[in-house]
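# A look at the structure
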Amino acid sequence: MLAVQQPSSVPANAPEHCPGTESELAGKSAACEGCPNQDVCASGVTKGPDPALPFVRERMTQVRRKILVLSGKGGVGKSTFAAQLGWAFASDPDVQTGIMDVDICGPSIPTILGIASEQVHTSAAGQLGAMSVGFMLPSSKDAVMWRGPKKNGLITQFLKDVDWGVLDYLIVDTPPGTSDEHLSVVQLLKESGIDGAVLITTPQEVALQDVAREIDFCRKVGVRVLGLVENMAGFVCPGCKTESQIFRPTTGGAARLAKETGVELLGSVPLDPRIGKSADYGVSFLDECPDSPATTAYLNIIQRLKELLGDN
Amino acid sequence: MRLFSQGHHDVSSRLVLSSFSAPMAVAVAQDTPVSRRLSHIKHIIIVCSGKGGVGKSSVATQLSLSLYTSLPNARVGILDTDLTGPSIPRMLGVDGHGVHQSSDGWVPVYADASDARLACMSVGFLLKKKSDSVVWRGPKKNAMIRQFLSDVRWGELDYLIIDTPPGTSDEHLSLLEHLNSVHDRLYAIIVTTPQAVALIDAMKCLSFTRAVNLPVIGIVENMSGYVCPCCGEVSNVFSTGGGEEMARKEGVPFLGILPVDTELVTLLDAADVTPRDGSEIMDSGSKGFGLVKRYQETTSAKLFKNVVDKLLRRLSAD
């Protein structure tokens, strides 16, 4: 009943059944009748590769590893994980790390890294760089009301115009879903090679369903799934120390999804209120609360990721 | 390490935030397929938040359940416009149902079965398998939303609740564009959690509603505090009070605080377990009823009643 559009470029003003400007049918299909772009598409110039690609490729030759942090669901801890991963990598004095926030409408990376008021940032040691639309807004109150093509334009600029320098890791934090931002990042980085994606979930079925869709997305576009991280799994009451399940895994949690889809479960991180607090204050949770079971879980996951990437 | 040395300030000065060329006109009497289709709907309430995972779908579901029981004959519709991550089918316990085509358009799925007072539409009903990803760019999403608004046979409704994805992008702009002809019946509710990261995005969402001239009924602060089931100690897992503070500062009504309620989380999450590949489509039959009954027993339902009371007062004042 519902045809799933294959990743392809569709302009903003295209008709709803646009075959995509790179398609063989571009400018020739029935849907193209009356489209303002019909002549351009029919002429064949759109079938060539994106003109930004060589610039992105050039810039990315200096970036050794590119890792995506994905989740179909929002609010499961993508940005928190991306930031922790960045801090963890950067704790090695020989490692340069960059975080690129492609959540254009809801950028959280500046707040989580504690650099929200800055316009351009390099950390004190100069080892962790970040780029986000959050640094470009006149005020954090401003809404970025953009449709896909404008978001894609900015993501292209992030990849080709930002002077990332020589990086060991580029961590890409994404918005929830499987839409413009995700397709753009994957298409732009395809030639340079994406080392893999880390998928973040919480234990509830509503989150798992969305993450299952994200796994499907990764397979469709050919991105390697490094593994699954289950956040907010269990909560230890600071009063009585009893563990309870705030977000109960009613359908078996991430473990079952991992088994069903053949994806590795990298680990489960318990809910610690200090994680959220650290994110709000822009400090590294791993450094602030080294005693927390969540820190141990994070570190194990990061260790496993390094193994999977062959960077041990 | 040199970072972002080039052209950064140029970019920032060129950021034009809104793609609307003019503010939306209020109550333009247009005759469009959408306005004809929605002509028998009294109130349209858009549930939004800049941030994902703060409880938009949970609030939308609770709103529909509460309004459903507010009057013995209330007719409620719920439209899920989160196309790449639809959660409403799961929460209403109608996961795996299909949509039928009638001569008069798509028949929504009724969560209360034969009573047919709680209608639901979501892209989730159109997927062959639950784990199929919907990989769409803007234009496709726009077309789907237009179709949801113009082709679904809602019939007469007292309330149509529209659940949205996070952000302020294609889905939101399309919704407002297509609903322009019924703008005088539109309202918004903003959901946030008390964390700073969520409040920043909620603020963006409020700026969006102002830019498109959408009246905001109020702000709901969700996930504010968690009561330990063992000792009763309240932990502010995601902090507390931020939503109320934001409402006060911005001069927007505050609708209430909802704590993390595991009972509710489980109720909305734990529809009968079906295989994720969708091989077996369950018939939940009268589960809609069960859901309403079980919902009314939760602590959240009692707290949510205050939210709905404030909402109804506002709607009747207009």
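Residues numbered from 1 in each chain as written. Chains lettered and ligands numbered in written order. Predicted model: local features only at pLDDT ≥ 70, side-chain atom pairs only at ≥ 80, totals over all residues. Heavy atoms only, no water.

### Here we look at the overall build of chain B
When helices and strands are tallied, chain B shows 11 helices and 12 strands. By the burial criterion, 64% of the 318 residues in chain B qualify as buried. Sequence separation of 24 or more characterises 80% of the internal contacts of chain B that already satisfy a separation of 6 or more. Summing over all exposed atoms, chain B offers an accessible surface of approximately 11,400 Å²; the carbon and sulfur share of this is 51%. (Helix = DSSP H or I, 4+ residues; strand = E, 2+ residues; numbered from the N terminus. Buried < 20%, exposed > 50% of the residue type's maximum accessible area, 1.4 Å probe, protein only. Contact = heavy atoms within 4.5 Å. Areas by Shrake-Rupley, 256 points an atom, 1.4 Å probe, with all protein chains shown as cover.)

### A closer look at the overall build of chain A
What chain A contains, in helices and strands, is 11 helices and 10 strands. In chain A, which comprises 312 residues, the proportion classed as buried is 63%. Looking at chain A alone, contacts between residues at least 24 apart form 74% of all its contacts between residues at least 6 apart. Put simply, chain A shows about 11,300 Å² of open surface, and 52% of that area lies on carbon and sulfur atoms.

### Some remarks on the UniProt feature "binding site: ATP" (unreviewed entry) in chain B
Residues and elements named next belong to chain B. When the UniProt feature table is mapped onto this chain numbering, "binding site: ATP" (unreviewed entry) sits at Gly50, Lys51, Gly52, Gly53, Val54, Gly55, Lys56 and Ser57. By the secondary structure assignment, glycine 55 is in the loop between strand E1 (41-48) and helix H3 (56-70). For glycine 55, the contacting residues outside a window of four places in its chain are Val191, Asn222 and Met223. (UniProt positions renumbered as here; feature names shortened; annotations may be inferred.)

### A few points about the UniProt feature "binding site: [4Fe-4S] cluster 2" (unreviewed entry) in chain A
According to UniProt, the "binding site: [4Fe-4S] cluster 2" (unreviewed entry) feature falls on Cys237(A) and Cys240(A). Within the secondary structure, Cys237(A) is located in the loop between strand E8 (235-236) and strand E9 (243-244). The exposure class of Cys237(A) is buried, given its relative accessible area of 0%. The residues touching Cys237(A), leaving out its near neighbours within four places in the chain, are Thr242(A), Cys228(B), Cys231(B) and Glu233(B). Its place among the elements puts Cys240(A) in the loop between E8 and E9. Assessed through its relative accessible area of 27%, Cys240(A) is described here as partly exposed.

### Focus: the sheet that holds strand E12 (residues 254-257) of chain B
Strand pairing in a sheet relies on backbone hydrogen bonds, with the paired strands running either antiparallel or parallel. All names here are of chain B. As summarised here, the arrangement of the eight strands in space is E5-E6-E2-E7-E1-E8-E9-E12, forming an open sheet in which the pairing is mixed. Because the sheet does not close on itself, it has two edges, and the strands there are strand E5 (109-110) and E12. Across five bridges, strand E2 (residues 76-80) lies against strand E7 (residues 157-163) in parallel orientation. Across the sheet, the residue bridging to glycine 77 is leucine 160, located in E7. Along the sheet, helix H11 (residues 299-317) makes contact with E1, E7, strand E8 (186-192), strand E9 (216-221) and E12, crossing E12 at roughly 170°. (Pairing = 2+ DSSP bridges. Axes fitted to C-alpha atoms, helices over the stretch in contact; angles between N-to-C directions.)

### Focus on helix H3 (residues 78-90) of chain A
Between its first and last C-alpha, H3(A) extends 18 Å over 13 residues, near the 18 Å set by a 1.5 Å rise per residue. Buried residues dominate H3(A), accounting for 13 of its 13 residues. (Expected span 1.5 Å × (residues − 1).)

### Quick word on the packing of helix H7 (residues 196-211) of chain B against helix H8 (residues 242-250) of chain B
Residue and element names in this part refer to chain B. Taken N-terminus to C-terminus, the directions of H7 and H8 make an angle of 35°; their axes are 11 Å apart at the nearest point. Between H7 and H8 lies a crossing whose hand is right-handed. Along the contact surface, H7 presents Leu199, Ala202, Met203, Leu206 and Arg210, while H8 presents Gly242, Gly243, Met246 and Glu250. Here the residues of the contact of H7 with H8 are counted per class, giving five nonpolar, two polar and two charged. (Left-handed = near helix turned anticlockwise from the far one by under 90°. Nonpolar A, V, L, I, M, F, W, Y, C, P; charged D, E, K, R; others polar.)

### Examining empty space enclosed by the protein
Residue and element names in this part refer to chain A. By the definition in use, this model includes three cavities of 30 Å³ or more. Taken as a whole, the second largest cavity holds about 70 Å³ of empty space. Around the second largest cavity sit 13 residues that line it, and Cys18, Pro19, Cys32, Cys35 and Cys41 are the ones nearest its centre. (1 Å grid on protein atoms, 1.4 Å probe; cavity = no way out; pocket = protein on both sides within 12 Å on 5 of 7 lines; lining within 4 Å. Points joined across faces, edges and corners; volume = space filled by probe spheres on them.)

### So, the interface of chain A and chain B
Of the residues lining the interface, 97 residues belong to chain A; the matching set on chain B comes to 86 residues. At the boundary of chain A with chain B, total buried surface from both sides reaches about 8,000 Å², with 57% on carbon and sulfur atoms. Applying the counting rule to chain A against chain B returns five salt bridges. Across the salt bridge formed by Asp170(B) and Arg147(A), the nearest N and O atoms sit 3.2 Å from each other. With 10 residues, helix H7 (residues 205-221) of chain A is the largest single contributor of residues to the side of chain A that touches chain B. When grouped by side-chain class, the residues that make up the side of chain A that touches chain B number 43 nonpolar, 34 polar and 20 charged. (Buried area = accessible area lost by both parts, 1.4 Å probe. Salt bridge = Lys/Arg side-chain N within 4 Å of Asp/Glu carboxyl O.)

### Observations regarding the UniProt feature "binding site: [4Fe-4S] cluster 1" (unreviewed entry) in chain A
Residue and element names in this part refer to chain A. The residues that UniProt annotates with the feature "binding site: [4Fe-4S] cluster 1" (unreviewed entry) are Cys18, Cys32, Cys35 and Cys41. A compact arrangement is adopted by the annotated residues: their sequence extent is 24 residues, whereas the largest C-alpha distance between any two is 10.8 Å. Set against the second largest cavity, the annotated residues that line it come down to Cys18, Cys32, Cys35 and Cys41. Mapped onto the fold, cysteine 35 is located in the segment before helix H1 (38-43). When residues no more than four places from it in sequence are discounted, the contact partners of cysteine 35 are Ala14 and Pro15. Checked against the element boundaries, cysteine 41 lands in helix H1. Looking at cysteine 41, the relative accessible area reads 8%, which means it is buried. Residues in contact with cysteine 41, not counting those within four places in the same chain, are Thr21, Ala26, Gly27, Thr46 and Lys47.

### Looking at the nonpolar core
Ranked by size, the top nonpolar core spans 80 residues in total, and within it Leu38(B), Leu63(B), Leu92(B), Phe148(B), Trp154(B) and Leu179(B) carry the most contacts. Leave out the neighbours within four places in its chain, and Leu179(B) touches Val34(B), Leu38(B), Ile44(B), Ile46(B), Leu149(B), Ile162(B) and Leu186(B). Listed in part, the 47 residues of the second largest apolar core include Val102(A), Met131(A), Ala212(A) and Ala254(A). (Core = buried A, V, L, I, M, F, W, Y, C linked by side-chain atoms within 4.5 Å.)

### Describing H8(B)
All names here are of chain B. Here H8 has its buried residues at Gly242, Gly243, Met246, Ala247 and Glu250. Looking down the long axis of H8, one finds its buried residues gathered within 135° of arc, a one-sided arrangement. Turned more than 90 degrees away from the buried face of H8 sit Arg248 and Lys249, all of them exposed. Those residues of H8 that are buried lie in contact with E8, H7, E9 and E12. Remark: glycine 251 follows H8 within two positions and exhibits a positive phi of approximately 70°. (Arc of directions from axis to C-beta.)

### Quick look at the pattern of salt bridges
Counted by the stated rule, this structure contains 29 salt bridges over all chains. Across the pair Glu171(B) and Lys141(B) runs a salt bridge, and its minimum N-O distance is 3.1 Å. One end of the pair, Glu171(B), is in helix H6 (residues 170-178); the other, Lys141(B), is in helix H5 (residues 138-151), and 30 residues separate them in sequence. Of the two residues, Glu171(B) and Lys141(B), neither departs from the other in class, the shared state being buried. By sharing partners, the salt bridges in this structure join Arg64(A), Arg65(A), Asp168(A), Asp195(A) and Asp311(A) into a single network.

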